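# Analysis of the macromolecular model
What follows is each chain in one-letter form.
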Amino acid sequence: MTGKIEARAVSKVYVSSRTGERVEALRDVSFTMGANEFVAIVGPSGCGKSTLLSLIAGFARPSGGAILVDGVPVEGPDPRRGVMFQDYALFPWRTVAGNVEFGPLARGAGAAERAAISRRYIEMVGLAGFESRYPHELSGGMRQRCALARLLANEPELWLLDEPLAAVDLQTRNILQDELLRLWGDERERATRRAVLLVTHGIDEAVYLADRVIVLGRRPGQIKEIVPIDLPRPRRAHRSSAALGALVEHIWSLIRDEAAQAIVDETR
């Protein structure tokens, strides 16, 4: 199939400018992702999940191999690839509306158009009434909704999500997972959906949200398995299903020992 994203034997090596030490983060990673597909990446701590997403975003370049989006090599950031981070990355000096308007402002949209775009996406993520609040006045879940609205306001073709729900409590996380699916189009026709690539430590989150889960092994990160998630959509009715639990257990069995070793390595 023709993919929105194609990774061809991607590797990444970091070299310390101070010591010259080489750290191989990724090795020979290859996969293809469809234009309307939701794909999640999981693996032990330090396996290169965020590095891979950064390469796709264009924030870094592979040491070997290539990443293509719509058949074109990625050579830098592009507004068609929207990125959402774990720490929200909101501008603290801008209000909710100001944060959401930032992308349209950078594109040269006029004041009326920016206000209309901002209003649409603020309402979409459930923040109507909080337009004039600053990030420090919001709860963690509200800041995450603001970050999501800011991403959506750019109308990117590809959503790159790096641990977007890791910093909120479990109840808020479950609510935001359902909101993310709603905004993506979990209940709509497949052709209306955007491509989403999610990095997460939560295997249950990956299985609940994604069409496929890419499982990376310990550093240097290599693909151990790409697991198809054949649960029906919409997903809300399957959050506690036995089938979902079996998929979570299968993926956990692939990385359990390596995850435990990663913890030991981090404490040395």
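Use the structure listed above.
What counts, and at which threshold
Residues numbered from 1 in each chain as written. Predicted model: local features only at pLDDT ≥ 70, side-chain atom pairs only at ≥ 80, totals over all residues. Heavy atoms only, no water. Helix = DSSP H or I, 4+ residues; strand = E, 2+ residues; numbered from the N terminus. Pairing = 2+ DSSP bridges. Expected span 1.5 Å × (residues − 1). Buried < 20%, exposed > 50% of the residue type's maximum accessible area, 1.4 Å probe, protein only. Arc of directions from axis to C-beta. Contact = heavy atoms within 4.5 Å.

### Describing unusual backbone geometry
With omega at -5°, the peptide bond leading from Arg219 into Pro220 counts as cis. With a phi angle near 55°, Asp28 is a residue other than glycine that sits in the positive phi range. Mapped onto the elements, Asp28 comes out in strand β2 (residues 22-33).

### As for the pairing of strand β1 (residues 5-15)
Bridging between β1 and β2 involves eight bridges; their strand directions are antiparallel. Within the sheet, the bridge partner assigned to Val10 lies in β2 and is Val29. Between β1 and β2, which follow one another and run antiparallel, lie six residues, and Gly20 among them has a positive phi close to 80°.

### Re helix α3 (residues 111-124)
In a regular helix each residue adds 1.5 Å, so 14 residues correspond to 20 Å; α3 covers 20 Å between its end C-alpha atoms and thus fits that length. Inspection of α3 places Arg114, Ile117, Ser118, Tyr121 and Ile122 among the buried residues, and these make up the whole buried set. The arc enclosing the buried residues of α3, seen along the axis, measures out at 125°, which places them on a common side. Turned more than 90 degrees away from the buried face of α3 sit Ala112 and Glu123, all of them exposed. At its buried positions, α3 is contacted by α2 (96-106) and α4 (140-153). Backbone geometry just downstream of α3 places Gly126 in the positive-phi region, at approximately 80°.

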